[in-house]
Amino acid sequence: MRTEEGTPVIERLLLVESRADESALAAFGQGLPACSANEEALFLSYNYADVAVGRSFDCCFRRSDKSDVAWVTTTVVAVTQQFGVVWDVIPHGWKTLAVLRFEPEIPALIRDLPEAARWFDQRISVYVSDSDAWQARATIGQRNIS
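Residues numbered from 1 in each chain as written. Predicted model: local features only at pLDDT ≥ 70, side-chain atom pairs only at ≥ 80, totals over all residues. Heavy atoms only, no water.

S.K.: Explanation requested: the overall build of the protein chain in the structure shown.
M.R.: Helix and strand counts for the protein chain come out as three helices and nine strands. For the protein chain, the α and β elements follow one another from N to C terminus as β-α-β-β-β-β-β-β-α-β-β-α. For 146 residues, the compact-globule estimate of 2.2 N^0.38 gives 15 Å, and the C-alpha radius of gyration of the protein chain, at 14 Å, lies within 12% of that figure. The principal-axis extents of the C-alpha atoms in the protein chain amount to approximately 50 × 35 × 30 Å. Excluding contacts between residues fewer than 6 apart, the proportion of contacts in the protein chain whose partners are at least 24 apart in sequence is 75%. Side chains of the protein chain carry 14 positive and 20 negative charges; the gap between the two charge centres is 7 Å. (Helix = DSSP H or I, 4+ residues; strand = E, 2+ residues; numbered from the N terminus. Rg over C-alpha atoms; globule rule 2.2 N^0.38 Å. Contact = heavy atoms within 4.5 Å. Lys, Arg positive; Asp, Glu negative; His and termini not counted. Charge placed at Lys NZ, Arg CZ, Asp CG, Glu CD.)

Shown next, in the form of structure tokens:
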């Protein structure tokens, strides 16, 4: 078990691989709630710490371009894995299928992600984080350019 407090700020990111397609939801998403208009079922890569359902983040940004950031409240609504069991946390070190709520709406960064049937179909391309993790990542990028 790894806590958020025990994780360096720069590593506090949900790593988004892709949107889950209908076959993924049928195979792995048993027990997940149906997504509302501002929610999306997403394949997440290995998680940085135990992150509770209900946890909210400030922004989403592209892995390849930290300046392409959407300031949107993103809340973890539900989480499962391949066994169809719904959990109350995104466990540290696990790949999961999670329903995330975006307020006020799903940003283009997420809407434009490809759909996939399983983990590993797509590379990690979007991060979900708080502003302090985004700032730490953006600052490193600026130092590497200069």
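S.K.: Please explain the packing of aromatic side chains as it appears in this structure.
M.R.: To describe a pair of aromatic rings, one takes the distance between the centres and the angle between the planes. In this structure the tally under the stated criterion is five aromatic pairs. For the ring pair Phe28 and Trp119, a centre distance of 5.1 Å and an interplane angle of 50 degrees mean the geometry is tilted. Pair noted here: Phe28 is in helix α1 (residues 22-28) and Trp119 is in the loop between β8 (115-116) and β9 (126-129), with a separation of 91 residues, a long-range link. Ring centres of Phe43 and Trp119 lie 4.9 Å apart, and the angle between their planes is 70 degrees; on these two criteria the pair is classed as edge-to-face. (Phe/Tyr/Trp six-rings, centres within 6.5 Å; stacked < 30°, edge-to-face > 60°.)

S.K.: Before we go on, may I ask you to explain the nonpolar core in this structure?
M.R.: One recurring pattern in soluble globular proteins: nonpolar side chains tend to sit buried together. Among the nonpolar cores identified, the biggest contains 23 residues, and Leu14, Leu42, Cys60, Val76, Leu100, Phe102 and Ile110 are the most heavily contacted of them. Residue assignment for this core shows that the elements contributing at least two residues are β1 (13-20), β2 (39-44), β4 (56-62), β5 (65-80), β7 (96-103), α2 (108-111) and β9. Not counting the four nearest positions on each side in its chain, Phe102 is found in contact with Asn38, Glu40, Leu42, Cys60, Val72, Thr73, Thr74, Pro107 and Ile110. With 11 residues, the next largest nonpolar core counts Phe28, Ala78, Val99 and Trp119 among its residues. (Core = buried A, V, L, I, M, F, W, Y, C linked by side-chain atoms within 4.5 Å. Buried < 20%, exposed > 50% of the residue type's maximum accessible area, 1.4 Å probe, protein only.)

S.K.: Looking at this structure, how should I read the pairing of β5?
M.R.: Consecutive side chains of a regular strand alternate in pointing toward one face of the sheet and then the other. Sheet topology places β4 next to β5; six bridges connect them, and they run antiparallel. Each residue of the ladder has a partner; that of Arg62, found in β5, is Asp65. Between β4 and β5, which follow one another and run antiparallel, lie two residues. The pairing of β5 with β7 spans seven bridges and is classified as antiparallel. The residue of β7 that forms the bridge with Ala78 is Val99. (Pairing = 2+ DSSP bridges.)

S.K.: Hey, could you run me through the pattern of salt bridges in this one?
M.R.: Pairing between side chains becomes possible if they bear opposite charge and their charged atoms approach one another. In this structure the tally under the stated criterion is eight salt bridges. Note that Glu17 and Lys95 form a salt bridge whose closest N and O atoms lie 2.1 Å from each other. Taken together, the positions of Glu17 in strand β1 and Lys95 in the loop between β6 (89-90) and β7 put the pair 78 residues apart, joining distant regions of the chain. For Asp68, the salt bridge identified is with Arg62, shortest N-O distance 2.6 Å. A residue is classified by how much of its surface remains accessible, and Asp68, at 28% relative accessible area, is partly exposed. For Arg62, a relative accessible area of 26% gives the class partly exposed. Among the charged side chains, a salt-bridge network with shared partners connects Glu4, Arg55 and Asp130. (Salt bridge = Lys/Arg side-chain N within 4 Å of Asp/Glu carboxyl O.)

S.K.: Sorry if this is basic, but what is going on with the side chain of Thr75 here?
M.R.: When you line up the elements, Thr75 lands in strand β5. When residues no more than four places from it in sequence are discounted, the contact partners of Thr75 are Gly54, Arg55, Ser56, Val99, Leu100, Arg101 and Glu103.

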